[in-house]
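# Summary of the model geometry
This is what each chain is made of:
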Amino acid sequence: QIISWTKPEAGWIKPNVDATIFNDNQSFGVGMIIHNDQETFIAAKTQAQSGIPEPKLAEAWGLLQAVNWASEMNLDNVRCA
């Protein structure tokens with residue numbers, strides 16, 4: 001299945017997250033990027049954490065971090081879908 005990026009609705013911003021697990025280091029990391037409804041890049045960030053969660057949990061953790069990060073930047077109208 002091919003999944004392609006779709007822009008958020010007008011007036012919204014959208015964080016996208018991808019996670020990776022490093023078994024050798026007993027850690028995982030996430031990459032986060034935020035775009036607006038005009039497909040304009042707003043910001044990007046990486047973050048690492050110790051432990052080896054299930055892949056879906058690593059992605060969920062990354063999404064939570066992205067939403068918190070958007071809040072810290074005082075960004076409104078964040079939509080993750």
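It should be noted that the structure appears before, not after, this text.
A brief look at the structure comes next. Just so we're clear, the structure is a prediction, and the values are computed from it rather than from any experiment. (Residues numbered from 1 in each chain as written. Predicted model: local features only at pLDDT ≥ 70, side-chain atom pairs only at ≥ 80, totals over all residues. Heavy atoms only, no water.)

## Remarks on the overall build of the protein
Each helix and strand counted, the protein has one helix and three strands in total. On the principal axes, the C-alpha backbone points of the protein span a range of 40 × 35 × 15 Å. Nonlocal contacts in the protein, meaning residues at least 24 apart in sequence, comprise 50% of its contacts between residues at least 6 apart. Carbon together with sulfur atoms contributes 50% to the accessible area of the protein, which is approximately 5,500 Å² in total. Averaging the locations of the 5 positively and 9 negatively charged side chains of the protein gives two centres separated by 5 Å. (Helix = DSSP H or I, 4+ residues; strand = E, 2+ residues; numbered from the N terminus. Contact = heavy atoms within 4.5 Å. Areas by Shrake-Rupley, 256 points an atom, 1.4 Å probe, with all protein chains shown as cover. Lys, Arg positive; Asp, Glu negative; His and termini not counted. Charge placed at Lys NZ, Arg CZ, Asp CG, Glu CD.)

## Some remarks on the sheet that holds strand β2 (residues 27-36)
A sheet is described by the order of its strands in space; here three strands give the open sequence β1-β2-β3, paired in antiparallel fashion. The sheet is open, and its two edges are formed by β1 (13-22) and β3 (41-50), each paired on a single side. The mean angle between the axes of side-by-side strands here comes to 15°, regardless of whether they run parallel or antiparallel. Along the sheet, helix α1 (residues 55-72) makes contact with β1, β2 and β3, crossing β2 at roughly 45°. (Pairing = 2+ DSSP bridges. Axes fitted to C-alpha atoms, helices over the stretch in contact; angles between N-to-C directions.)

## Section: the nonpolar core
Residues I13, V17, V30, M32, I34, A43, A66, W69 and A70 constitute the largest nonpolar core, which totals nine residues. Elements supplying a minimum of two residues to this core: β1, β2 and α1. Those residues within four positions of A66 in sequence are excluded, and the remaining contacts are P15, V17 and M32. (Core = buried A, V, L, I, M, F, W, Y, C linked by side-chain atoms within 4.5 Å. Buried < 20%, exposed > 50% of the residue type's maximum accessible area, 1.4 Å probe, protein only.)

## Points about the pairing of β3
When β2 meets β3, the two strands line up antiparallel, connected through nine bridges. Bridging from a neighbouring strand, S27 pairs with S50 of β3. Hairpin remark: β2 followed by β3, antiparallel, with four residues in the connecting loop; positive phi at E39, about 65°.

So far we have only geometry, and geometry alone does not tell us how the molecule works.
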